[in-house]
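# Breakdown of the fold
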Amino acid sequence: MPHAERLAIAIEIAREAGRAIVEARRNQDFSHRYKKGSELVTDVDVAVDELIARRLDEQFGDEPRLTEELSPDESITDQQGPLWIIDPIDGTVNFAHGLSHVAVSIAWMKDGHTELGVVHAPFLGETFSALRGGGAWRHDESGKDGQGENPQRIRVSCATSLARALVATGFPYRREGRAPLIRRLYHVLEHCQDLRRNGSAALDLCDVACGRLDAYYESVSPWDFAAGMLIAREAGARTGHLYDCPTGIPTDLYGENVIACAPDLYQRLSELLIRADTDSRDGQ
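Residues numbered from 1 in each chain as written. Predicted model: local features only at pLDDT ≥ 70, side-chain atom pairs only at ≥ 80, totals over all residues. Heavy atoms only, no water.

Take the sheet that holds strand E11 (residues 194–196) next. Here five strands make up an open sheet; going across it, the order is E11-E10-E12-E14-E13 and the pairing mixed. In this open sheet, the two strands that pair with only one neighbour each are E11 and strand E13 (238–241). The average angle at which neighbouring strand axes cross in this sheet is 20°, direction not considered. Two elements, E13 and strand E14 (residues 258–261), share four bridges in a ladder whose sense is antiparallel. By the bridge assignment, arginine 238 is partnered in E14 with cysteine 261. Those strands touched by helix H4 (residues 179–191) are strand E10 (166–168), E11 and strand E12 (215–218), and its axis lies near 135° from that of E11. In the packing of helix H6 (residues 222–234) onto the sheet, contacts are made with E13 and E14, and the angle to E14 comes to roughly 30°. (Pairing = 2+ DSSP bridges. Helix = DSSP H or I, 4+ residues; strand = E, 2+ residues; numbered from the N terminus. Axes fitted to C-alpha atoms, helices over the stretch in contact; angles between N-to-C directions. Contact = heavy atoms within 4.5 Å.)

Looking now at the pairing of strand E6 (residues 113–121). Among the nine residues that make up E6, eight are buried, leaving the element largely enclosed by the rest of the structure. Strand direction decides the pairing type here: strand E5 (residues 103–110) and E6, joined by seven bridges, are antiparallel. Opposite lysine 110, over in E6, you have histidine 113 as the bridge partner. As paired elements, E6 and strand E7 (residues 126–131) share six bridges and run antiparallel to each other. For alanine 121, the partnering residue across the bridge sits in E7 and is glutamate 126. Here E6 hands over to E7 after four residues, with glycine 125 in that stretch at a positive phi of 70°. (Buried < 20%, exposed > 50% of the residue type's maximum accessible area, 1.4 Å probe, protein only.)

This part is about the packing of helix H1 (residues 3–27) against helix H2 (residues 43–60). Where H1 meets H2, the axes come as close as 10 Å, and the angle between the chain directions of the two elements is 155°. Here H2 runs roughly antiparallel to H1, going by the angle between their axes. Relative to H2, the crossing made by H1 is right-handed. Contacts from Arg6, Ile9, Ile13, Glu16, Ala17, Ala20, Ile21 and Ala24 in H1 reach Val44, Val48, Leu51, Ile52, Arg55, Leu56, Gln59 and Phe60 in H2. Of the residues assigned to the contact of H1 with H2, the class counts are twelve nonpolar, one polar and three charged. (Parallel < 35°, antiparallel > 145°, perpendicular 65-115°, else oblique. Left-handed = near helix turned anticlockwise from the far one by under 90°. Nonpolar A, V, L, I, M, F, W, Y, C, P; charged D, E, K, R; others polar.)

On to unusual backbone geometry, then. At aspartate 111, a residue that is not glycine, the phi angle is positive and equals roughly 55°. Structurally, the position occupied by aspartate 111 is in the loop between E5 and E6. According to the relative accessible area criterion, aspartate 111 is partly exposed, its value standing at 37%. Look at asparagine 257: it is not a glycine, yet its phi comes out positive at around 55°.

Here it is in structure tokens:
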């Protein structure tokens with residue numbers, strides 16, 4: 001199947017998932033619990049993951065999936081062949097509290113490279129998509145053809161000065177892991193215009209892609225960033241990792257210390273974050 005056709009199917013599945021999320025919020029008929037002691041998950045996360053799984057089974061039944069709720073333990077080492085990477089609700093805490101920064105994230109990888117990505121924001125009325133080598137796009141939710149009417153090509157910002165840059169990041173659920181990140185936060189705030197913590201890595205990356213944010217850094221899971229990172233990269237962002245990735249794990253699946261920026265900011269922000277890590281280890 002051509003990649004463009006796969007993308008069209010993924011967009012429609014993401015939008016169907018988004019409608020289910022909106023309906024669940026409207027009816028307020030969901031419960032929640034905590035996994036790993038501190039990470040909030042609702043029964044809507046699971047139901048939407050199941051919905052996406054059914055739709056993918058109908059179209060691509062023999063292709064493996066890495067998803068946050070149903071199959072989070074799929075191996076990411078030495079990845080060969082096709083793999084779907086799915087976050088049914090990126091921004092679960094936002095969803096549970098009635099905030100709008102919520103997304104469905106679907107990516108498809110082949111032989112360790114992300115080939116297509118879709119991030120759908122049901123409460124914000126936006127869908128972002130990208131094909132590897134084909135650019136990144138924002139879709140109008142009034143579309144009648146499954147792709148959205150008049151999709152607009154998006155581009156990263158032209159920011160050249162970190163001092164005037166708007167930067168986004170996030171924090172882990174486990175409080176004991178936050179101390180070194182506060183050190184990073186201090187360093188970045190000292191040198192940028194301002195910082196945002198919006199609660200959805202997928203949407204932060206899409207905001208970098210369309211120039212609303214100038215830079216983003218965080219450590220996340222594969223399903224949080226796979227689609228959004230491709231979208232940002234195809235929009236012209238420079239993307240990567242602060243440190244070398246482990247051998248055997250595709251860089252497109254390794255979520256530790258990821259960074260996406262307007263190209264001219266990448267080196268400066270990377271150096272700043274590494275210096276913050278060094279100061280933290282040295283106890284400064």
